[in-house]
Every structure is written in C-alpha cells, then in structure tokens.
Amino acid sequence: MRRTPFTTGWHVRPHANSFAEMVGAAAPWQPVTLPHDATLAQPRDAAHGAGSGYFPGGVYEYRRTFDVPADAAEQRWLLEFEGVYRRAMVYVNGSLAGHWASGYTGFTVPLDDHLRYGAENEVRVVCRAGADSRWYAGAGIHRPVHLLSGPLLRVAPDGVRVTTLDADRDLAVVEVATTVVNDRLRLATVEAVTELRDAEGTVVAADRVPVSVRPGEPAVVRQRLAVRDPALWGPDSPALHTATVALVEEDAVLDTETVTTGIRTLSVDPVRGLRVNGEPVLLRGACVHSDNGVLGAAAIDRADERRVELLRAAGFNALRSAHNPMSRAVLEACDRLGVLVMDELTDMWTESKSDFDAALDFPEWWERDVAAMVAKDVNHPSVVMYSIGNEIPELGTPHGALWSRRLAEEVRRLDPTRPVTNGVNGMLAVIGEATADLADAEGGINTMLADMGGFMRELSRSELVGRRTAEAFGVLDVAGLNYMDARYESDRDVFPNRVVVGSETFATDIDRLWRLVQDHPHVIGDFTWTGWDYLGEVGIGRTADAEEPGARGLNGPFPWLLAWCGDIDVTGHRRPASYYREIVFGLRADPYLAVQRPERSGRETVSPPWAWTDSVGSWSFTGAEGTPLTVEVYSDADTVELLLDGRSLGTAAAGEAHRFCAEFTVPWAPGELTAVARTGGAETGRCALRSADGPVQLSAAVDRPVVRAADTDLAFVDLALTDAAGTVALGVDREVTVTVAGPGVLAGFGSAAPVTEESYCDDVHTTFDGRALAVVRPTGAGTITVTATADGCDPVTVTVEAR
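What counts and what doesn't
Residues numbered from 1 in each chain as written. Predicted model: local features only at pLDDT ≥ 70, side-chain atom pairs only at ≥ 80, totals over all residues. Heavy atoms only, no water. Helix = DSSP H or I, 4+ residues; strand = E, 2+ residues; numbered from the N terminus. Buried < 20%, exposed > 50% of the residue type's maximum accessible area, 1.4 Å probe, protein only. Areas by Shrake-Rupley, 256 points an atom, 1.4 Å probe, with all protein chains shown as cover. Lys, Arg positive; Asp, Glu negative; His and termini not counted. Charge placed at Lys NZ, Arg CZ, Asp CG, Glu CD. Pairing = 2+ DSSP bridges. Contact = heavy atoms within 4.5 Å. Polar contact = N/O pair within 3.5 Å; in protein donor to acceptor, adjacent residues only side chain to side chain.

**Q** So what's going on with the overall build of the protein chain? Which residues, and what values?
**A** When helices and strands are tallied, the protein chain shows 13 helices and 49 strands. If you line up the protein chain on its principal axes, its C-alpha atoms span 85 × 65 × 60 Å. Residues counted as buried form 58% of the 803 residues belonging to the protein chain. Looking at the protein chain as shown, the accessible area adds up to about 31000 Å², and 50% of this sits on carbon and sulfur atoms. Distance from the positive charge centre (73 side chains) to the negative charge centre (114 side chains) of the protein chain: 3 Å.

What follows is the structure, encoded as structure tokens:
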C-alpha cells in the first residue's frame, strides 16, 4: 500500500463536547504539525503530582480535512497511527471509525465506510490522559501518522516479514513471508515477485511464485532465498538489506511493499551467553524513557535518531525501552547504528500503579498490544529481546504466573525467533510479606527508605523471593532482574539453566556489576537506570542537604521537573556518570575529572539510590575562591596525579581495586586542573579542566549545517555562555531569547535544569550550568536563521540549510 505522511494541516484544542460548542464555550483550534505533545504547554502545579512532573492531565482533540478522489472507491483507505496517548477515539466525518486504548502501540483505522469520494473529509481524534503514568507521558498524537491507500488485492499492512533461518559467512537462508489480502468479489491469482537487495542496491537474491487468494481469506506466501557471501548485521557491522515484494497480475504491478531488515542469527544460553552471528556480545545497556526532553513526548524522527546516536557515542550498545514499545524511528536508528534493543510491552498488567493507568484496559487489550509490538519489531535486526513487563506486583502470585505464561507464549507464537524476558523486581513480587515484616522490624519503613537500594538488593537474595519468582522466571528465556544483582552468582548454582540480564540497575554500582557480567557467562549484560534523563518521577536522582525539608523523600517538591538521573541530560550533554561508565566498560583510556559543586562543600547530603554525586565536569566556579572542593578522578590506571597549573596536588590510587575513582580535596582557585593517569609508572592518559577567564560571551553551534526540508527532521542548536577560549562558565546563568527566521519554527527550547518553572514552549529560557538547547523544525526549503540574545552578550546567529 502507498504510505503518505499525514502530519501537516492538523489543529488541536482541549476537547469540547457538543453543549460547549452550542454555547460558544469551546477553546479555539490551534494549528499544529504532528507528532505533537498537547500537555507540554500546560501550566504546572504542585497539585498534579511528582510522577507527571507536576503537569496536569487533560482531554484533547485533533482534527484535519483531506480530499479523496472521486475515482478512489475501488481502493482501500486506512489511517495508521504509531501512537496516541491515550484511549484514542477516531472519528471520520462525524462517525466513530476506530478506537485504541494503549498510548504506545500502533493501530490502523479503516476509512472506507466513512469516506466521501470526490469531496472533503474530516478526521477527528480525541484522546485522554491523566493520573495514568508513573512518569511524564504527555498527551496527544505523539507519534507519526500515515494515510495508507492501495488496491483491493494488496499486501496487508505490516504484511512482509523477513526471517533469517540460517546464516554464516558463506551462505544465508532468508524467508520472506508476505500476507496478501483480496477484497475483490472472486478468487484471483497473481505472482509474488520478491527481491532482496544489499545496502548498495544490488539484488542478492530473488524469487517469484504464483499465489491464489480468495476474498476474505488472506494468503501467506513464503519464499526462501539463498544469499551467498551475505553481509551480516551485527553490532560492529550493521549491514542492512531491503526486501521488496511486488504483486503482479498480467504483467501489471498491483501493489508493492518494501521493508528494511538485516541478516543475522541470534542465540542465548547460560554457557556461552548472548551471541549474534555466533559472536559473544555483552550488553552495555541503558534504560530509556520515550520523551524527547524539550520536545516533551513528541516522537519526531530526528529527535529519536539523535538520542540513539548520542547514547551509542557514550558507550552504550543496547537500549531497553522503559516501559513501553519503542517508536519506529528509534528502531530504525538502532538498525543503522548497530544498537541492540530490548523492547518492552508495558509497566503494568492487572494491578494498577496509578489511578487510571493501562491496567484498566489490560485484560481486554493485551493480545492486540502484543501483536502490534511484534508486528512493529519483527523486521528490525536490532531487536534481540521482547520484555513482557516491568516490575509487575502480581507476578509472584499463581495468577500472576498465569499471566506471565500467557504473555510469553503469545509473543513466541507471533515471533519464535527472539527470546522473551521480563523486568522483575523481587521486592515488589513479595511486597505484602516485605511490608508486614518491616512493620515489625526496628525502624520500620523509614529504615527501608534510608537505604532503599540496599534493602532491595538484600531482599532479592532471600529464599522467599527465589520461591515466589521461580515460576515467572521459568516461563522466560532470559530472566530480567531489576535491582536483584545479589542473585547473579547464586542463581548460577540454584538455577544452572537460567540466563540472567540486569534489566535495571543503579548507576553507582556499574563497576561491581560489570565485573559480574564479565565473569559469569549466564549474565549477559547490564541496563542502567537510566541512560538519558527524563521528565517526571522528579528528583529521584537528586542530591539534597540533609536538613532540607523532605530531603529523604523519594521525589523532589514543586517546581522540580526532571528525574535528574541520566548519564546524559535532556539536552544531550554527557554528565560525569557517563564518562565513569565509559572507563568501566574499557572504552576510554584517558581519565575524567569531575568536581562536586561548591554549594555542597562541608555539608551533609542525602540522595536516593538513583543519584550520582552532585558533580560537574568543570573548574569554573565564580565566587568560590578558597572553598574546599571534592575532586573525583575516574580512571582505570593504577594511580592518578592531580595538578593545578602544573603544581602537583598529590597522587592517589585508582583502577578497579579502588572502584575506578580517586578523590582529592582542593581549595578552589582559578587555573588549569589536570589529572595524569599512570600504570606501572608510565602515563596512560590525561584530562584537564580550565576555569573560564574574562568576559562571558554567548556561543551557538548547530549539530548539522544541512537538514532535510521535512517535518521529520530537526536542527539542534547548542547555546553556551563561554569565555573567549570557549570554556563554559558556571555561576553566570542568564535568560536567553531565541528567534527563528526563514522556513523553520522553534519546536522546543530549554536547559537541563532539573528544577524550573520555565516552559520548553517559550522563546525565552535561562541557561543551566551555562548551557541551553534550541530545537528548530523545518517548514520548507531554504535558509533558516537562528538568533540568540542574552543580557551582557553580543547576539549570535547560526544558519541551517533545509533541502
């Protein structure tokens, strides 16, 4: 079928019922280009809760009109939505044409019964969100929409599936299964002509076979193709192929469908671990939520692609979607870049975690959501595991085990080629007994909250958790352990056939956890919480002064906005934890310098277990003269020496035996701070930080000078307050105003500030740690000019060519 982008020409407003329309109380329609997040511009308030980032819920409606040719009645028309948050109701010309409960799985809506041929048609989408997520989910048509049209005899949507049956360096056998549907009045016979092409467009295998299709009885055509000397897809060489299927009748092509895929084999076992094409792979993983920072929940293709690029550049080779199926754009980027994916179905089954979440729909909708996730994923070589859930409270019960088995078997029925996992939290699986025991223990729940990470780890090793999770783990191919690393070694003996993945772990434990992954083949990888900071679940990674009110609570008070726990912040800037992880992974030889903020000097602090130290990769602290600062030097070398302007401040042990970190206390003074790493007396690398000097200026840099003149692309403009040498200055933050001229609009503007009352939808924002990010969306071809101004600085301008 022909897929036409259906993202422009839309309007949005808060939903108005017929009575509001009658009395003129409806809000005006506002033009918008999809994908779009309807929540992001709404005012925040403490009453709305920490989980959502203090954003409100709401009911929103979208509408647009489109023409259908008068001679198009002999075609089939569908709307394909990749994601609408949530409970979408789709109306065409005033009548309900389809609905979908989930906010993250894709669905199609048949239009034929509702269309007016040769006339204007209206589609309207109503969606609802609120008190239905533990993190910021936004609202609206947040993923792309396409209009599908095709002949009566055609390839079904998502109807081409490519499977590698066997492959080595000499020969691959690939099966292309195509579902053909016939809406004609009688049986028809056509030819299915299939070509498999490599990345250069060369046909590497082809086949043609006749297929007879009765009306209302879809036919599946299976063609096995032999590919000699195949280019295999793998993390280090992500070679892609395209499979094109054409339906031909009497030499006329009725319909075509092309999918991108990769030829690769996949296996997992407790002796040799995870292998791709027979080669062992350790998963250097990141959990990621789906929001795009200053764009909110809008899943614009380039934003999703950029996140994958930056995560891969930071050393991750695997992503876990948390806790919903990934967008197609993320998967396409992972395919291109060789990043492995654990795609996750849901955060809840039948027990709610929020008042109005997806548990209310799960018993009725789970099969459709599983089918939608698999249909989206099946051709993507990057997807190596399906996760059927995350921290499901009922999992440790017999009925929870029934659901585990239902879900796992349904996934296997639809796609038997990939292993199934589930992110299990042992504490939640036994929460009833655990809280009862805590009530009787000295200190009670307060003791647990003081060391939640330690409590979860110790509880996970208990016989109770082992017994209550045995059946749920037994239905899986890979046991996903959330904060249950205490079981890694013991499970090897108690459950010798169990394969384990650290599906969610604390960032501060990566040195110890990565050693376990390296030493135990049944432990195939680690997924940190989290790779990229996100909106909502505010403050779970914050550091607070011990005497602050609520300092020991799980969340930060209003106006906290971000979780503040990612290796990479919401603007794409790497935080110190990212460099530490890169060193632990063995991917960085140079040491890294991180300095704890002056405001923490000499003060007692507390933080939840998801927090890193409150440090920055900077030696620019205006007004901190003489303040003793804690300097952290991350290194895999035996020792590190610290110098200020060439004068030695001392040497300390580092390396794995010292958790890859040496600490120094240094009174702050301007200059150049340098760390030199040595092993066996020989220098292995160095890192330097220089304090900003002189007047502050505003700088701007765009990620790419040329973008596509399409609403799927974006230009990311990094703004920074620097000295003349380009060193970013801290402690001098100020408001920046951005204007856009030419064929582009400001799609989002903000900083990585975890606490703010500013909106990402405004054209004025205050820098944080001297930085901000403006995101520009093309509206056509031509030169886009982005200008930024700030008090005390000369204006700066960058240009982007949209072609």
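Okay, back to it.
**Q** Tell me about the sheet that holds strand E46 (residues 764-766), and please be specific about residues and values.
**A** Within the open sheet, the five strands sit side by side as E42-E49-E48-E44-E46. Their pairing is mixed. For this open sheet the edge positions go to strand E42 (706-707) and E46, each flanked by a neighbour on one side alone. Note: E42 against strand E49 (residues 796-802), two bridges, orientation parallel. Looking at E49, one finds that Val706 is bridged to Glu801.

**Q** Help me get a handle on the environment of Thr242, residues and values and all.
**A** Secondary-structure assignment places Thr242 in strand E18 (residues 241-249). It is 6.0 Å that separates the C-alpha atoms of Thr242 and Thr261, two residues lying 19 residues apart in sequence. Ignoring anything within four residues of it in the chain, the contact list for Thr242 reads Glu195, Leu196, Arg197, Thr258, Val259 and Thr260.

**Q** How would you summarise the pairing of strand E47 (residues 771-778) if you had to cite specific residues and measurements?
**A** Counting buried residues along E47, seven of its eight residues qualify, which places the element largely inside the surrounding structure. For strand E43 (residues 715-722) and E47, the ladder comprises six bridges, and the chain directions are antiparallel. Residue pairing across strands places Asp718 opposite Leu773, the latter belonging to E47. Across six bridges, the pairing between strand E45 (residues 744-750) and E47 is antiparallel. Looking at the pairing, Gly744 lines up with Pro778 of E47.

**Q** Can you break down the environment of Arg154 residue by residue, with the values?
**A** Along the chain, the position of Arg154 falls in strand E11 (residues 153-167). Residue Arg154 is classed as buried on the basis of its relative accessible area, which comes to 9%. Measuring from C-alpha to C-alpha, the distance between Arg154 and Pro215 comes to 12 Å, with 61 residues separating the pair along the chain. Among residues more than four places away in sequence, those in contact with Arg154 are Met1, Arg76, Thr179, Val180, Val181, Asp183, Leu247 and Asp255. In terms of polar contacts, Arg154 uses its side chain to reach the backbone carbonyl oxygen of Pro151, at 3.4 Å. There is a polar contact of 2.9 Å between the side chain of Arg154 and the backbone oxygen of Leu152.

Just geometry here; none of it tells us what the structure is for.
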